[in-house]
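Here's the letter readout for the chains.
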Amino acid sequence: MEKKTIGIIGGMGPLATADLFEKIVGHTKAACDQEHLHVVIDSNTNIPDRTAALLSGETQPVHDRLLADGRTLEA
């Protein structure tokens, strides 16, 4: 049986990305390494600042970058 893959767009706080991955691993019932989930993390620290985008109303660059990263994970 093929495992499903979890894709995570991270890097918008690298430690938050690491924390999320640690929680996924810690909450997975696995007796050995091979029983853990297949997780792909795109830790892209080049995503424009979300707070600045929201405050300025210029959210399109953030939106575009997140969509591009989602497509990368999907591929």
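Right above here is the structure, for reference.
Conventions we followed
Residues numbered from 1 in each chain as written. Predicted model: local features only at pLDDT ≥ 70, side-chain atom pairs only at ≥ 80, totals over all residues. Heavy atoms only, no water. Helix = DSSP H or I, 4+ residues; strand = E, 2+ residues; numbered from the N terminus. Rg over C-alpha atoms; globule rule 2.2 N^0.38 Å. Buried < 20%, exposed > 50% of the residue type's maximum accessible area, 1.4 Å probe, protein only. Areas by Shrake-Rupley, 256 points an atom, 1.4 Å probe, with all protein chains shown as cover. Pairing = 2+ DSSP bridges. Right-handed = clockwise from strand over helix to strand, strands pointing away. Salt bridge = Lys/Arg side-chain N within 4 Å of Asp/Glu carboxyl O. Patch = residues over 30% accessible without salt bridge, like charges linked within 9 Å, V, L, I, M, F, W, Y side chains within 5 Å. Contact = heavy atoms within 4.5 Å.

**Student:** Requested: an account of the overall build of the chain, with residues and values cited.
**Tutor:** When you go through the chain residue by residue, the secondary structure sums to three helices and two strands. Compactness check: the chain gives a C-alpha radius of gyration of 15 Å against a globular reference of 11 Å for 75 residues, more than 25% above the reference. The C-alpha extent of the chain, read off along each of the three principal axes, is 50 × 25 × 15 Å. Burial statistics for the chain: of 75 residues in total, 17% are counted as buried. Taken as a whole, the chain presents about 5,800 Å² of accessible surface, with 57% of it coming from carbon and sulfur.

**Student:** Before we move on, can you summarise the pairing of strand β1 (residues 5–10) with the specific residues and values?
**Tutor:** Pairing of β1 with strand β2 (residues 38–43) involves six bridges; the strand directions are parallel. Across the sheet, Gly7 pairs through a bridge with Val40, a residue of β2. Handedness of the crossover joining β1 and β2 through helix α1 (residues 14–26): right-handed.

**Student:** Now, about the pattern of salt bridges: what can you tell me, with residues and values included?
**Tutor:** Side chains bearing opposite charge may pair, as long as their charged atoms lie close to each other. The final tally for this structure, using the stated rule, is two salt bridges. Residue Lys23 is joined to Asp19 by a salt bridge in which the shortest nitrogen-to-oxygen separation is 2.9 Å. Of the two residues, Lys23 and Asp19 both sit in helix α1, four residues apart, roughly one turn of that helix. Looking at Asp19, the relative accessible area reads 32%, which means it is partly exposed. One salt bridge in this structure joins Arg65 and Asp69, with 2.8 Å as the shortest N-O distance. In this pair, Arg65 and Asp69 are both assigned in helix α3 (residues 60–74), four residues apart and thus about one turn of the helix distant.

**Student:** How would you sum up a nonpolar patch on the surface? Please name residues and give values.
**Tutor:** Among the surface-exposed residues, Phe21, Val25 and Ile41 lie close enough to one another that they form a single nonpolar patch of about 210 Å² accessible area. Ile41 gets classed as partly exposed once you look at its relative accessible area, which sits at 34%.

**Student:** Explain the side chain of Thr17 to me, using residue names and the numbers behind them.
**Tutor:** Along the chain, Thr17 falls in helix α1. On the basis of relative accessible area, Thr17 is assigned to the buried category, the value being 10%. Among residues more than four places away in sequence, those in contact with Thr17 are Gly10, Gly11, Met12 and Ile41.

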